[in-house]
Amino acid sequence: MDCVPALDESLKKTVGGNTAKVMADQLGLHTVGDLLHHYPRRYAERGELTRLADLPLDEHVTVVAQVAKAAKKTFNHGKGVRLEVVVTDGSGSLTLVFFGRAAHHHERELLPGRRGMFAGKVSVFNRTRQLAHPDYELLDRDSGTDAVEGFANQLLPLYPACKQLPSWRIAKSLGALLDTFEADGWRDLIDPLPTALRENRGLSTLPDALRKVHRPRTKADLADARARLKWDEAFVLQVALARRRYADAQVPAVPRVPREGGLLDAFDAKLPFTLTDGQRKVSAEIFGDLATEHPMHRLLQGEVGSGKTMVALRAMLGVVDAGGQAAMLAPTEVLAQQHHRSVVEMMGELAEGGMLGGADQATRVVLLTGSMGAAARRRALLDLATGEAGIVIGTHALIEDKVQFHDLGLVVVDEQHRFGVEQRDALRSKGKQPPHLLVMTATPIPRTVAMTVFGDLETSVLDQLPAGRSPIASHVVPAADKPHFLERTWERLREEAENGHQAYVVCPRIGDEEDDAAARKAAGKDAADGPPPEDGADRRPPLAVLDVAERLVKGPLSGLRVEVLHGRMHPDAKDDVMRRFAAGEVDVLVATTVIEVGVNVPNATGMVIMDADRFGVSQLHQLRGRVGRGSAAGLCLLVTEMPEASPARARLDAVAGTLDGFELSRIDLEQRREGDVLGQAQSGVRSSLRMLAVIEDEEVIAAAREEAVAIVADDPELSGFPELRTALDALLDAEREQYLDKG
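Quick notes on the rules
Residues numbered from 1 in each chain as written. Predicted model: local features only at pLDDT ≥ 70, side-chain atom pairs only at ≥ 80, totals over all residues. Heavy atoms only, no water. Helix = DSSP H or I, 4+ residues; strand = E, 2+ residues; numbered from the N terminus. Core = buried A, V, L, I, M, F, W, Y, C linked by side-chain atoms within 4.5 Å. Buried < 20%, exposed > 50% of the residue type's maximum accessible area, 1.4 Å probe, protein only. Contact = heavy atoms within 4.5 Å. pLDDT = per-residue confidence, 0-100. Phe/Tyr/Trp six-rings, centres within 6.5 Å; stacked < 30°, edge-to-face > 60°.

A. Quick peek at unusual backbone geometry. Despite not being glycine, Asn-126 has its phi angle at roughly 50°, a positive value. Positionally, Asn-126 belongs in the loop between strand E5 (115-125) and strand E6 (128-132). One non-glycine residue with positive phi stands out, namely Arg-127, at about 65°. Here Arg-127 is to be found in the loop between E5 and E6.

Below you can see the structure in the form of structure tokens.
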């Protein structure tokens, strides 16, 4: 490299076309700046014990280990040959396998006592963890001795890598890049941190931090580098969010203040119970926001069954009182219908505006879903356009162009993580002025927790269960280790039915022909809320509703009234099954996660989740919330075949160990990272945070927020901070800026 490349320059010139393509396709690295900020995943020390026993399955790893033994073996009656090399780190061992010509070639190099870095995908064969045809670099290749002075006392960076590009090749590309910048004195490097802030906080300069993170001499170097680079990420992101909050405060919205003696007062007067302290406190926060002249942007985090719907309904009634309309967006038709039924029941004659028998202050509550008949749909659309309907509850059908509101004042989004930003924004755009927004969730998925920690959403928490709610006992059922526990599971469901109660059995997939091809591969891997990928290696297909229901009817639950429910049933058939289950005419409902949210059957006390390890923490908590909704205690049994020491079992034990949704969301976030905090992806993909860990670094984030708010309040356009503005433009390309604006 003759001249210093610009940070936004494509990597093709720097590392060559082929390597640049692999970096872009496999690692998401497109520019020189991306590579410079591709930080080591961890560091190996000479003699360090990398715990081989804990390697995750089905993941590309790089390990530092020593060859213990090597042996060539034949198979297929002597026609085939393979080399098996056992490497160890003192804590465990791993087998490297090479076939054919590669076996002869590598036998000469991989001699007992040699030490190296080995990279490949971890799989299991004959109960032994192995890397097949791994890439490797011997650390003592030049000297032929076991310990090389060149590697002595060095922290060896191990980078996030892939099959085509192991860690040490990334290190070589980065080394050449660092040398170029060093020779030029880092003249073109843009430092986003204002000098005064950096000096007051005692942080390293950016060149120093990059040098120390890629070429640390000591652990103190690493600590310095991480402290500085975490601040960069937290501060630039906080400035982006502070500028958005500042812009939001300038947007006009219609204040919605309920009138005295109106619909809300009439509704409160007929409630057969008193609101909990939590519901009253959260309602006060929401009504405070609704009374302001800029749009509310609030997250209502409530435990399953804490009465979020009641709080949302009172907010909607308050907006109707103030002359506006309210829309509630639900993720499924089953849930939209359930919400509509329960709202109409709670409101009684107050939901019969303009109808015979309707109360004086009444409004109309309409349902709008994709499967409604043409006549009912036309009537609902007319009621919305004229303002006759003060409240509409619906699915994605609410977002369609032909849906027009008379005066949309409040949008309530239920189970916020089920909707893309585009969908939420499409509904908000139907207001003459920006409507207020309330998003509700029982267990935030990781991205939501991240945004909450970052203070992007004002947050209200409902952590008190209404009177009459029962506790839920949760237990893990290790079906592979203790098959008699599974037999006892079905006995418990039969006992619940004999005591006059009902139960759910949940499976990861449907099991029909259409489902088999795609879902075998994808079950439990929903980008928003599946388990981390390391649990998915070499496993049977997930259990299916249709198969399990058939087995239960013929076997352990014979004689009970068993029905199935899944997303590919006709809407009328789904509604019929749910109606009969709610009426007590079905003992056991075998279903997919279509029952995950909003389904409210107080008589249902038992839940069995098959292949529970294939669901995310948030989903398990949501599913469990379907039981214990009445006066009888709930029981949730998490059935799994995963071994006790696996990450999947640790996840299930965490769910069984607490009913606290916030605690579970933190566990989920620590395991899965926060997704791209500013991008469309929800979780589990490359994060825009490469150094910052949301939970671990809450204090850094809070401090960065203070600094960002102060700077934006003084200088919203950042005209006095050109370097920060440049860093912000790099972070917020057009698509992300738009995403942030939509919220």
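From this point, things continue past the structure.
B. Main features of the nonpolar core. Counting residues in hydrophobic clusters, the biggest one holds 35 residues, and the most contacted among them are Met-347, Ile-391, Leu-410 and Leu-438. Looking at this core, the elements that each hand over two or more residues are helix H9 (263-270), helix H10 (277-290), helix H11 (308-321), strand E10 (325-329), helix H12 (333-347), strand E12 (389-394), strand E13 (408-414) and strand E14 (436-441). In contact with Leu-438, not counting residues within four places along its chain, are Ile-286, Met-296, Arg-298, Leu-300, Ala-312, Leu-410, Val-411, Val-412 and Val-413. In terms of nonpolar packing, the next biggest core, distinct from the first, is built from 33 residues, Met-578, Leu-589, Ile-595 and Val-601 among them.

C. A look at the confidence of the model for the protein. In the predicted model, the protein carries a mean pLDDT of 83, and the fraction of residues at 70 or more is 84%. The weakest mean pLDDT in the protein belongs to helix H25 (residues 734-742) at 52; the strongest belongs to strand E17 (residues 502-506) at 97. Low pLDDT, under 50, characterises residues 520-530; the predicted model gives this stretch 29 contacts beyond four residues in sequence or across chains. Overall, residues 680-686 carries pLDDT values under 50, and its contacts beyond four positions in sequence, including any with other chains, amount to 26 contacts.

D. Structural context of the packing of aromatic side chains. All chains considered together, the criterion is met by five aromatic pairs. Taken together, a centroid distance of 6.4 Å and an interplanar angle of 75° make the contact between Phe-98 and Tyr-136 edge-to-face. Placement of Phe-98 in strand E4 (residues 93-99) and of Tyr-136 in strand E7 (residues 135-138) is noted, with a sequence separation of 38 residues between them. Taking relative accessible area as the criterion, Tyr-136 reaches 9% and is therefore assigned buried. Pairing Phe-118 with Tyr-136 gives two aromatic rings, centres 6.0 Å apart and planes at 40°, and the pair type is tilted. With Phe-118 in strand E5 and Tyr-136 in strand E7, this pair connects stretches of sequence that are 18 residues apart. According to the relative accessible area criterion, Phe-118 is buried, its value standing at 0%. An aromatic cluster is present here, built from Phe-98, Phe-118 and Tyr-136 joined pairwise through their rings.

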